[in-house]
Amino acid sequence: MDTQVIDKLKETFKGPLLQENENANVGKSERILSVATGAFILFQGITNIFSHPIIALAEVAVGGSLMQRGVTGYCAVKAMMEDNCQTEAVHVPVTTPVTSNPVTTPPSTVL
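> For this particular structure, what's the right way to read the overall build of the protein chain?
Counting secondary structure elements, the protein chain contains four helices and zero strands. Walking the protein chain from its N terminus toward its C terminus, one meets helices and strands in the order α-α-α-α. Looking at the protein chain as a whole, 14% of its 111 residues qualify as buried. For the protein chain, the share of sequence-separated contacts (at least 6 apart) that also reach a separation of at least 24 residues comes to 61%. Taken as a whole, the protein chain presents about 9100 Å² of accessible surface, with 67% of it coming from carbon and sulfur.

Next comes the structure, spelled out in structure tokens:
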């Protein structure tokens, strides 16, 4: 019985939810976890809307963002971090190598 439920869930995710996107920068396992976690946080926010409205609104926003990340496969934060890492790698200053035997001049003697 449990394997049938898992197989149905797999087929659901293989359908329109996890279609390939040319701008996708999130892997399939991350996408599945984002959808599941986002759905849980979104549900928590909806159930707490009357008891803790400010916290609930934050939960709804975070849960919705995670679900959007999982469905589309694109994460703007991850894209910004990757772009930032690439630009920092380009602007690495070049230094001269340190030699093991530096040439030293003998001290001059003053008479």
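> Looking at this structure, I do not really get the confidence of the model for the protein chain. What am I missing?
In regions of low pLDDT, the predicted coordinates are not meant to be interpreted in detail. Taken residue by residue, the protein chain gives an average pLDDT of 79. The fraction at 70 or more is 65%. The least confident element of the protein chain is helix α1 (residues 2-14), whose mean pLDDT is 68; the most confident is helix α3 (residues 53-72), at 94.

> Which parts of the structure should I look at to understand helix α2 (residues 28-47)?
An ideal rise of 1.5 Å per residue puts 28 Å on 20 residues; α2 measures up with 29 Å between its terminal C-alpha atoms. Where α2 is concerned, the buried positions are Arg31, Ser34, Val35, Gly38 and Gly45. Looking straight down α2, one finds that the buried residues subtend no more than 105° of arc, so they occupy a single side. When the buried face of α2 is taken as reference, the exposed residues oriented beyond 90 degrees from it are Ser29, Leu33, Phe40 and Phe43.

> Would you take a moment to explain the packing of α2 against α3 for this structure?
When two helices pack together, their arrangement is captured by the angle between the axes and the distance separating the axes. The contact between α2 and α3 brings their axes to 7 Å, and the two run at 155°. By the angle between their directions, the pair α2 and α3 is classed as roughly antiparallel. Once α2 is placed against α3, the crossing between them reads as left-handed. Between α2 and α3, the residues in contact are Glu30, Arg31, Ser34, Val35, Thr37, Gly38, Ala39, Ile41, Leu42, Gln44, Gly45 and Ile46 and Ala56, Glu59, Val60, Val62, Gly63, Gly64, Leu66, Met67, Arg69, Gly70, Val71 and Thr72, respectively.

> What am I meant to see in α3 here?
In an α-helix, one full turn covers 3.6 residues, which means residues spaced three or four apart are oriented alike. Between the first and last C-alpha of α3 there are 28 Å, a value that for 20 residues agrees with the 28 Å anticipated at 1.5 Å per step. In the core, the buried residues of α3 are packed alongside α2.

> Would you take a moment to explain the environment of Ala36 for this structure?
Position of Ala36 relative to the elements: it lies in helix α2. Taking relative accessible area as the criterion, Ala36 reaches 45% and is therefore assigned partly exposed. The spacing of Ala36 and Leu66 is 30 residues in sequence and 8.6 Å in space, taken between C-alpha atoms.

> Whenever I open this one, the environment of Ile32 confuses me. Can you help?
Residue placement: Ile32 occurs in helix α2. On the accessibility criterion, Ile32 (33% relative accessible area) is partly exposed. Sequence separation of Ile32 and Gly73 is 41 residues, and the distance between their C-alpha atoms is 9.7 Å.

Each value, and the rule that gives it
- Residues numbered from 1 in each chain as written.
- Predicted model: local features only at pLDDT ≥ 70, side-chain atom pairs only at ≥ 80, totals over all residues.
- Heavy atoms only, no water.
- Helix = DSSP H or I, 4+ residues; strand = E, 2+ residues; numbered from the N terminus.
- Buried < 20%, exposed > 50% of the residue type's maximum accessible area, 1.4 Å probe, protein only.
- Contact = heavy atoms within 4.5 Å.
- Areas by Shrake-Rupley, 256 points an atom, 1.4 Å probe, with all protein chains shown as cover.
- pLDDT = per-residue confidence, 0-100.
- Expected span 1.5 Å × (residues − 1).
- Arc of directions from axis to C-beta.
- Axes fitted to C-alpha atoms, helices over the stretch in contact; angles between N-to-C directions.
- Parallel < 35°, antiparallel > 145°, perpendicular 65-115°, else oblique.
- Left-handed = near helix turned anticlockwise from the far one by under 90°.

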